[in-house]
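# Reading the structure
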Amino acid sequence: MLDFGMKEIADTVFCCVDHGTFFPIAQRLARDAKRVLYHIPEREGFETFAKFSRGFGHEDVELCSDFWPIKKEIDCYVFPDCSDAGLQLELESQGFQVWGTKGADTLETMRGKWMAACEAIGLPMPTTHVIKGLTNLRLFFDEHKDETFHVKISRFRGDMETFRAQEPSAIRNKLEVLALKFGPFQEHITFYVQEPVDTDIEGGADTYFVNGQYPDKVILGYEKKGESYFATWKERDKMPPEIWEVSEALAPLLAEHRYCNMVSTEVRVKEDKSYLLDPCLRFPSPAGEEELEMYANFSDIVYRGAQGELVEPEMTAKFCGEAVIEYSGDKDGWKSIRIPEEVRQWVKLYACGYEDDAYHFPPAQDPEAIGCIVGLGNTPQEVLDRLKEIREALKDSAVDIHIEPIADLFQEIEEAEDKGIEFSAGQAMPEPAEVLT
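Let me sum up the structure you'll find in this document. Only a predicted model underlies this, so the values are computations on that prediction, with no experimental measurement involved. (Residues numbered from 1 in each chain as written. Predicted model: local features only at pLDDT ≥ 70, side-chain atom pairs only at ≥ 80, totals over all residues. Heavy atoms only, no water.)

### A closer look at the overall build of the protein
What counts here: Helix and strand definitions follow DSSP, with helices as H or I runs of at least four residues and strands as E runs of at least two, each counted in order from the N terminus. In this setup the radius of gyration rests on C-alpha atoms only. A globule is expected at 2.2 Å times the number of residues raised to 0.38. The rule is simple: take the accessible area with a 1.4 Å probe, protein chains only, and divide by the maximum for that residue type; under 20% is buried, over 50% is exposed, in between is partly exposed.
Of the regular secondary structure elements, the protein holds 13 helices and 22 strands. Relative to a compact globule of 437 residues, whose C-alpha radius of gyration would be 22 Å, the protein shows 22 Å and is just as compact. Referenced to the eigenvectors of the C-alpha coordinate spread, the extents of the protein come out at roughly 60 × 55 × 50 Å. For the protein, with 437 residues in total, the buried portion stands at 53%.

In C-alpha cells:
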C-alpha cells in the first residue's frame, strides 16, 4: 500500500479523469491545488486534433494524455462520471486515493439492475414494460395509441436519451432513427417503457457520499431539464422527507461499493409515494456546477473524501441558480467565445481548448449546449440578478442563455410549498415578470 500521507491542498496533485463534460471540476480544483492534470481516457486508432483539443491550452489545468508514467506523482484521482469503474478499482488496488462511483456505476447505467435494486430496498417504481427489440417496441406502440410513455435504455446514452413517447408520427420517426443507429442489432436492444408519474412536484437532493455517510448540509433543488436549475440548502434533518427518504434508502447500496462521489436525485412526488426514476451517481449537470461554488472547501471535500474522511461543506450562500449556455453561432466550424475576466469563475464550460484569450470547441462537439452559468446569493432575487448580470456580460458572444425557464421553477417551488414541501421559510420567490424582464 502506498502511503501519500495527508497533505495541505496547496501541496496536492490531482488527476481528473473525465470524458469532456466535467472539465469545470478540474478548473475548480486548480484554484486550490498545486497541480491538476486532466486526462480523457478514450483514444482512437487514428487520433484527431478535435478530440485532443478538449482541455488544450489552459493555464490552470494540464492536459495529460497518459498519467501512468507519472502515477506516483499524483495524490488523488478524481472520476466525476459514472464510468471507468475498472480503472478506479485498479488504481485503488495499487494503493492510490480515488474519488469516484466505482462499482455502483451500473445502478445508473443499467436500467434492469436499478429496477431490481428498487424492489429490494422498497422504493416504488412506475409501471414498466420491458420490451426486447425494435419490432416489439413498434408493436407495443401500435397497441397503445393515444397513450403517453417514457422510453429508456441501458448503457447507450450517446445513442438515446430518455424520450417522451406520445404523438404517433414523432414515435415513428424516433424509431426509424434508432433502427439506423442499432442496425442489424436492433432486435437485441432492451427498452424500458414506463408509464408516467403524473405530478407537478419534482424536486431533488444534491449532495455527496463518503464512507457510508452523507454530510449534514444538503442542497434542495428544482431542475428544468436541460435548461435551468434553482436551489437552496438545508440541514439534513430539515430536508422534506418526501425528497430525502429516497436518498436514505439508497445509502446502503452506495456503502457496499465504497462509493465516494456526488449524488443527485430527481424525485417525483405523487400522493404518499416518492419515485426516484433514475439515480444520478456522478457529478450532475446542470445542478452540479453550483456545488463547485456553493462549497468553499470543495477541493478538501474531494481530497479527504478519497481517503475515507467525510468533510462537512462550508456553504458560501443560501441560494444558487444555473442556466444552460447554448451556442448560437455557426454550427459547422469551430465554435469560439470570449468570456470577460470578471465573470469567468461563474461560467462553467465543458472541455474545450483555450487560445488567444478565447475558448474553442471543435466542430465535432455538440454545437448547442456548451456549459452553464452559475449565480449565488442570500435571497432568490440576488441569484436572479446575478444570473442576469452574467448573461449581460456575455451579450456580445455567440451564445443564448435562457434564464426564463427559472420562472417555471419558481412556480413549481411555490406549488410544492403549498403541499407541505418546504423550500425556504420566509423567502418568497420573485414574480415571473422579474425573471422575464
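So that's the structure; there's more coming.
### Remarks on the environment of phenylalanine 423
What counts, and what does not: Throughout, a contact is declared for two residues whenever any of their heavy atoms are within 4.5 Å.
Among the structural elements, phenylalanine 423 can be located in the loop between helix 12 (406–418) and helix 13 (432–436). The class for phenylalanine 423 is buried, based on a relative accessible area of 1%. In the structure, phenylalanine 423 is positioned 44 residues away from threonine 379 in sequence and 12 Å away in space, judged by C-alpha atoms. Leave out the neighbours within four places in its chain, and phenylalanine 423 touches Leu220, Tyr222, Phe230, Ala231, Thr232, Lys234, Phe319, Ile413, Glu417 and Met429.

### Comments concerning the packing of aromatic side chains
Our working definition: Geometry of aromatic contacts follows a simple scheme: Phe, Tyr and Trp rings, the Trp one being its six-membered ring, pair when their centres are within 6.5 Å, and the pair is stacked under 30 degrees between planes, edge-to-face over 60, tilted otherwise. Any Lys NZ or Arg CZ that is within 6 Å of a ring centre and within 35 degrees of that ring's normal is treated as a charge sitting over the ring.
Overall, the coordinates contain 23 aromatic pairs when judged by the stated rule. Taken together, a centroid distance of 6.3 Å and an interplanar angle of 35° make the contact between phenylalanine 319 and phenylalanine 423 tilted. Here phenylalanine 319 is found in strand 16 (residues 319–327), whereas its partner phenylalanine 423 is found in the loop between helix 12 and helix 13, with 104 residues between them in sequence. For the residue pair phenylalanine 319 and phenylalanine 423, the accessibility class agrees, reading buried in each case. By way of ring pairs, the aromatic residues Tyr222, Phe230, Phe319, Phe410 and Phe423 are connected into one cluster. Across the ring face of tryptophan 233, the terminal group of lysine 318 is positioned such that the distance to the ring centre comes to 4.2 Å.

### Some remarks on the packing of helix 5 (residues 111–121) against helix 8 (residues 241–256)
This is how it is decided: Think of each axis as a best-fit line through the C-alpha atoms, taken over the contacting stretch in the case of a helix, with angles from 0 to 180 degrees between the N-to-C directions. Should an angle fall under 35 degrees it is taken as roughly parallel, and over 145 as roughly antiparallel, whereas 65 to 115 is taken as roughly perpendicular and any remaining angle as oblique. Throughout, a crossing is termed right-handed when the near helix is turned clockwise from the far one, and left-handed when it is turned anticlockwise from it by less than a right angle. The nonpolar class holds Ala, Val, Leu, Ile, Met, Phe, Trp, Tyr, Cys and Pro. Asp, Glu, Lys and Arg form the charged class, and all remaining residues, Gly among them, are polar.
Here helix 5 crosses helix 8 at 115°, and the two axes come no closer than 11 Å. As judged from the angle between their axes, helix 5 and helix 8 are roughly perpendicular. Between helix 5 and helix 8 lies a crossing whose hand is right-handed. Residues Trp114, Ala117 and Ile121 of helix 5 form the contact with helix 8, whose participating residues are Ala249, Leu250 and Leu253. For the contact of helix 5 with helix 8, the residue count by class is 6 nonpolar, no polar and no charged.

### Details of the state of the cysteines
The cut-off we apply is this: Any two cysteine sulfur atoms within 2.5 Å of one another count as a disulfide.
For the coordinates displayed, the defined rule picks out 0 disulfides. For the unlinked cysteine cysteine 64, the closest cysteine sulfur is that of cysteine 15, found at 5.5 Å. Of all cysteine sulfurs in the structure, the one in cysteine 320 sits closest to cysteine 372, which takes part in no disulfide; the separation is 12 Å.

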